[in-house]
Amino acid sequence: MRCNKLGCRFCEKGKGKGHGRFGFLSPSVLAIAVRQIPVPSELKKEVEESLRAFAQLQKVLKQIAQVNLELFKERKRQRS
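Note that this is a predicted model, so its numbers are computed, not measured. (Residues numbered from 1 in each chain as written. Predicted model: local features only at pLDDT ≥ 70, side-chain atom pairs only at ≥ 80, totals over all residues. Heavy atoms only, no water.)

Peer 1: How should the confidence of the model for the protein be read in this particular structure?
Peer 2: The predicted coordinates ought not to be read in detail in places where the model reports low pLDDT. Scored by pLDDT, the protein has a mean of 84; 88% of the residues are at 70 or more. Confidence, read as mean pLDDT per element, is least for strand S3 (residues 32–33) in the protein (69) and greatest for helix H1 (residues 44–79) (96). (pLDDT = per-residue confidence, 0-100. Helix = DSSP H or I, 4+ residues; strand = E, 2+ residues; numbered from the N terminus.)

Peer 1: Can you help me understand the pattern of salt bridges in this one?
Peer 2: If charged atoms from side chains of opposite charge come close, those side chains can pair. With the rule as written, the count across this model stands at two salt bridges. Between Glu48 and Lys44 there is a salt bridge, and its shortest N-O distance comes to 3.9 Å. With Glu48 and Lys44 both in helix H1, this residue pair falls four residues apart, about one helical turn. Judged by relative accessible area, which is 33%, Glu48 ranks as partly exposed. (Salt bridge = Lys/Arg side-chain N within 4 Å of Asp/Glu carboxyl O. Buried < 20%, exposed > 50% of the residue type's maximum accessible area, 1.4 Å probe, protein only.)

So this is what it looks like as structure tokens:
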């Protein structure tokens, strides 16, 4: 990866080899990509584990939301 910052010794044209191998993390808000954050290879496993945990949390929250919706519908029917 090359940062393209002026004067970077790692990315100097013709001499530098860049900053090494990176993965990228693209956090988003409301499904809109905010930016790409380079993830060094030594942190890749930790980031992947965190993303899996986050996905699992989202799944559980969706299940809770579905149960709450069903409870709300049932209460609404009982009042009618």
